[in-house]
Amino acid sequence: MIERQLQPLLHELVGVVFAPTSALGDATGQIRPTGVQGVFHADARVLSRAELRVDDRELENLTRGDDGPHGAHFVSLARWLGDPAPDPTVRVDRLRRATRNGLTEELRIVSTATVGVRATVTVDLGCDLAPIEVVKSGGAAAALEAKTGQPGVLTWSAEGITVTVTASGADVLATDDRITAPRLAWPVELPPGGETVLRWQLTVEDPRAVVVGPTGDPEWSRPQVTADDRRLVRLLNRSLDDLRGLRLAETGAPEDVFLGAGVPWFLTLFGRDSLWAARMMLPLGTDLAAGTLRVLARRQGTRIDPTTGEAPGKILHELRRHELALPDHGLRLPPTYYGTVDATMLWVNLLHDAWRWGLPAEQIEPLLPYLEAALRWLGEHADPDGDGLVEYIDTAGHGLSNQGWKDSGDAVRFHDGTLATAPIVLAEVQGYAHEAAVSGAALLDAFGRPGADRWREHAAALARRFRETFWVDGRYGPQPALALDRDKRPVDSLTSNIGHLLGTGLLSRDEEAQVAKLLTTDTLAGGFGLRTMSTDDAGFSPLSYHCGSIWTHDTAIVLAGLARAGHRDAALGLAEGLLTAAEAFDYRLPELYGGDDRTLVNRPVPYPAACRPQAWAAAGAVLLLQAATGLYPDVPGGTVRLAPLAGAELGAVSAHGLRVANTPVHVAVDRTGQATATGLPSPLTPTLPTQRRQPTPQPH
């Protein structure tokens, strides 16, 4: 039997991150030469091994915890040392911290013994400089030979990358059989009750990296939040720590900061992910949005290139140092790849939303030519067959076969499980396109640019076309199809994609109510969040990447859309699912997790290859906070709407340090749902929602 090469599992590993550096090791603190364990820097594994031993013996692990936003703390025992008593008397604390260009470790050996302790502490190292795609596909790279020079120093070099380990006071063993597995060794002698601290550090020089870690503090505020439901506070604090570690900038442009998508596979610029994450972060300020918009504008497409997917006005999908090849998946993506159908509209929508949150005109005006180019792409390139809908197909033959956010090859399935054939017309993409046309028109009008009427007409035509082609009959009444296939047949599975239509303006009020009803069925909402596909569909699997799993950002986006549209009960149900999942994952919500029913397992099942931390998963905590406080500003319009989700069910919430037009704002919601906002910049005036009749869903 041929052994399959499998993507390594992540769910039990402990990660630290300070982009572009990240490290993954096991729960004991060891970094072993297996799977995806290692230290990564800008798409290369710069350390494949870091195994700590005392007297050539493994320590016994006790626990682990966080050590600030970029670190982890492991506590272990050396019970063979010290007093011969039931209580352990020699303890080892291992503190690992990621840095922008490497890693540090501090080893604290503490004795409470009544006798002296003598031991040898060692760390075995290895470096393979394996590209991230090799690691992701389950492959391996040969360990490189280490070089020694100065005392306590090791180096490895290849592919223009130089990796250096420095260990003050350590003996370095790197000859003969240890040339590819060098060892750091410290002899330790402790008096009774003594302790010592040993240190080593890793630094990386990588002049060919396309991303770097920016300096300075994060581009967003850190609000002080109190809540009756403490899970919300814990989730937000952990998420903001993780987001701090995911900050990136392009090499040569460190002033424009964006969020890298996720550890370990996607710690680089991703159009869709970075845009969604920045959009979710708007309640904490507009600086991250501005940086994300600028960095993507600089790489906006200017020509037709089938190999890269580039087209004039198009926003890229991902940026790498070299071609990303995954032969087992038939993928070969160029370093700058444009294979995304939605990033261009999301760029427009982020610009519009940042404007409403108070992004200054002097920062918007330089981006208006890029806005116009993005709208031209929508009008001239996004609809190649001219039927009025946005579609995609991989013309290169080795790119992503699906180019929406559900981009796995089997993501678009009919109710009977059959795969749809490209070109594909995704439901949520039509919503993004409608919103982009309307939002683009508003920006053009506000800044005195021509063409706004054209885009309002474009949006109206798109809404009519969607209404004619997408609605199908389902088990729970009319539903928007997931997509249309090559023959314009509705792909009739029930999926979370329809939740992204909320708030885009594509649906009528009655249609939104029907979508809200569909999203609350047990088939979609019976897990710890929103399933990507309903349990009624033949393609459903709780551990499928896009056909039954639960994605954190997806649930957060739909939750926010439901809350904003006034569908309170539906939003609260998803909020409870997210908060329960957050508690189970130590408040570091992963990219995705299993879609099992809550009655089957009393905690969410990990998806074993999910990124963690991940930008739009972590930013979902901010979106949840916004929904709870109900803060919806329109700075150009001079108003702020307060429509909180918090209240009787979620409890009281107070947030100091939200930002509107770069001004700190305090929003408080009491247990009855009454909201107040103070500190709003003049002349903004808050308005409270009026009680509205819930519309009756209408058949199509």
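Each chain has its residues counted from 1, following the order in which its sequence is written. At least 70 in pLDDT is required for a residue's local features to be given in this predicted model, at least 80 for side-chain atom pairs to be given and counted, and no such filter applies to totals for whole chains, interfaces and linings, which use all residues. The side-chain figures draw on all heavy atoms in the structure; neither hydrogens nor water molecules are used.

Caption draft 1: Region of interest: the overall build of the protein chain. Along its length, the protein chain carries 14 helices and 37 strands. In terms of overall dimensions, the protein chain is globule-like: its C-alpha atoms have a radius of gyration of 26 Å, near the 27 Å expected for 700 residues. Dimensions of the protein chain, computed from C-alpha atoms along their principal axes, come out at roughly 80 × 55 × 55 Å. Burial here depends on accessible area, computed with a 1.4 Å probe over protein chains only, as a share of the maximum for the residue type. Under 20% is buried, over 50% is exposed, and the range in between is partly exposed. Counting the 700 residues in the protein chain, one finds 61% classified as buried. Each helix corresponds to a stretch of at least 4 residues labelled H or I by DSSP, and each strand to a stretch of at least 2 residues labelled E; elements are numbered beginning at the N terminus. This radius of gyration counts C-alpha atoms alone. The globule rule is 2.2 Å times how many residues there are, raised to the power 0.38.

Caption draft 2: Main features of helix α3 (residues 271–280). Counted residue by residue, α3 has 10 buried out of 10 residues, so it is predominantly covered. Considered for burial, the residues of α3 that qualify are G271, R272, D273, S274, L275, W276, A277, A278, R279 and M280. Here, two residues are considered to be in contact whenever any of their heavy atoms come within 4.5 Å of each other. Residues of α3 that are buried make contact with β20 (253–259), α4 (287–298), α5 (343–356), α8 (427–446), α12 (552–564) and α14 (615–629).

Caption draft 3: Representation of the packing of α3 against α14 in the model. As a packed pair, α3 and α14 sit with axes 8 Å apart at the nearest point and diverge in direction by 20°. For the element pair α3 / α14, the angle class is roughly parallel. With respect to the hand of their crossing, α3 and α14 are arranged in left-handed fashion. Taking contact as the criterion, the partners of R272, D273, W276, A277 and M280 in α3 are, on α14, A615, W616, A619, G620, V622 and L623. For this scheme, ten residues count as nonpolar: Ala, Val, Leu, Ile, Met, Phe, Trp, Tyr, Cys and Pro. Four count as charged, namely Asp, Glu, Lys and Arg, and the remainder, Gly too, count as polar. For the contact of α3 with α14, the class distribution of residues is eight nonpolar, one polar and two charged. For every element, the axis is a line fit to its C-alpha atoms; helices are fit only across the contacting stretch, and the angle between N-to-C directions ranges from 0 to 180 degrees. Comment on the angle field: the value is read as roughly parallel under 35 degrees, roughly antiparallel over 145, roughly perpendicular from 65 to 115, and oblique elsewhere. Handedness of a helix crossing follows the sense of rotation of the near helix relative to the far helix, less than a right angle counterclockwise being left-handed and clockwise being right-handed.

Caption draft 4: Representation of the layout of surface pockets within the structure. Only protein atoms enter the 1 Å grid used here. Points where a 1.4 Å probe fits but cannot escape make up a cavity, open sets with protein on both sides within 12 Å along at least five of seven lines make up a pocket, and a residue lines them when an atom lies within 4 Å of a point. Grid points are joined across faces, edges and corners, and a volume is the space filled by probe spheres set on the points. In this structure, the second largest pocket encloses a volume near 1000 Å³. The wall of the second largest pocket is formed by 39 residues, among which Q7, K136, H329, S408 and Y545 lie closest to the centre. Elements that contribute at least two residues to the lining of the second largest pocket include exactly α3, β22 (324–326) and β23 (331–333). Residue classes in the lining of the second largest pocket are distributed as 17 nonpolar, 13 polar and nine charged.

Caption draft 5: Representation of the confidence of the model for the protein chain in the model. The predicted model of the protein chain has a mean per-residue pLDDT of 96, with 98% of residues at 70 or higher. Per-residue confidence from the predictor is reported as pLDDT, which spans 0 to 100. Predicted confidence is poor over residues 691–700, with pLDDT under 50, and the contacts of this stretch with residues over four places away or in other chains come to 18 contacts.

Caption draft 6: Representation of the environment of L246 in the model. Turning to its location among the elements, L246 is positioned in the loop between α2 (230–245) and β19 (247–250). Judged by its relative accessible area of 0%, L246 is buried.

Caption draft 7: Highlighting the nonpolar core. Counting 167 residues, the largest nonpolar core has W347 and V412 as the members making the most contacts within it. With residues near it in sequence (within four places) discarded, V412 still touches Y392, N402, T418, L419, A420, I424, L426, L482, A483 and V491. Side-chain atoms within 4.5 Å link the members of a nonpolar core, which is a set of buried Ala, Val, Leu, Ile, Met, Phe, Trp, Tyr and Cys residues. Listed in part, the 47 residues of the second largest apolar core include A98, V117, V163 and A174.

Caption draft 8: Here's a closer look at unusual backbone geometry. The peptide bond linking V263 to P264 adopts the cis configuration, its omega dihedral lying at 0°. Assignment of secondary structure puts P264 in the loop between β20 and α3. The residue after A422, namely P423, is reached through a cis peptide bond having omega 5°. Positive phi outside glycine occurs at A661, with the angle close to 55°. Along the chain, the position of A661 falls in the loop between β34 (653–660) and β35 (663–669).

Caption draft 9: Expanded view of the packing of aromatic side chains. Two rings from Phe, Tyr or Trp (for Trp, the six-membered ring) form a pair when their centres sit within 6.5 Å of each other. Planes less than 30 degrees apart are called stacked, planes more than 60 degrees apart edge-to-face, and all others tilted. One pass over the full model with this rule turns up nine aromatic pairs. An angle of 10° between the planes, with centres 4.4 Å apart, marks the rings of F466 and F470 as stacked. For the pair formed by F466 and F470, the shared burial category is buried. One aromatic cluster is present, formed by W405, Y545, W551, Y607 and W616 through successive ring pairs.

Caption draft 10: Seen up close, α8. Expected span of a helix, by definition, is 1.5 Å for each gap between consecutive residues, and there is one gap fewer than residues. When the terminal C-alpha atoms of α8 are compared, their 29 Å separation across 20 residues agrees well with the 28 Å that a helix rising 1.5 Å per residue should span. Counting buried positions along α8 gives 16 out of 20 residues, so the element sits mostly inside the fold. At the C-terminal side of α8, G448 shows a positive phi close to 65°.

Caption draft 11: Region of the structure containing the side chain of H317. Relative to the helices and strands, H317 is located in the loop between α4 and β21 (318–319). Non-local contacts of H317, meaning those with residues more than four positions away in its chain, are made with L269, F270, G271, R272, Y337, Y338, G339, T340, L400 and D407.

Caption draft 12: Main features of the pattern of salt bridges. A pair is scored as a salt bridge if a Lys or Arg side-chain nitrogen falls within 4 Å of a carboxyl oxygen belonging to Asp or Glu. Per the stated rule, a full pass over the model turns up 57 salt bridges. D93 is the partner of R91 in a salt bridge, and the nearest nitrogen-oxygen pair spans 2.6 Å.

Caption draft 13: The arrangement of the environment of Q224 in detail. As for its placement among the helices and strands, Q224 is situated in strand β18 (residues 224–227). Taking the C-alpha atoms as reference points, Q224 and A290, 66 residues apart in sequence, are found 24 Å from one another. Setting aside chain neighbours within four positions, we find Q224 in contact with S654, A655 and H656.

Caption draft 14: Quick look at the pairing of strand β1 (residues 14–18). Among the five residues that make up β1, five are buried, leaving the element largely enclosed by the rest of the structure. What makes two strands pair is DSSP finding at least two bridges between them. Where β1 lies against strand β2 (residues 21–25), five bridges are found, and the strand directions are antiparallel. Residue pairing in the sheet places V17 in a bridge with S22 of β2. The antiparallel hairpin formed by β1 and β2 contains two residues in its connecting segment.

Caption draft 15: Spatial organisation of empty space enclosed by the protein. The full count for this structure, using the stated rule, is three cavities of 30 Å³ or more. Here the largest cavity is characterised by a volume of approximately 50 Å³. The wall of the largest cavity is formed by P20, S22, F40, H41, A42, D43, I132, P264 and L267. Class assignment of the residues belonging to the lining of the largest cavity gives a composition of six nonpolar, two polar and one charged. The calculated volume of the second largest cavity comes to roughly 40 Å³. Looking at the lining of the second largest cavity, the elements with two or more residues in it are β8 (90–99), β10 (117–126) and β15 (183–190). The dominant element in the lining of the second largest cavity, judged by the number of residues it contributes, is β10, at three residues. Along the lines of polarity and charge, the residues of the lining of the second largest cavity split into 10 nonpolar, no polar and no charged.

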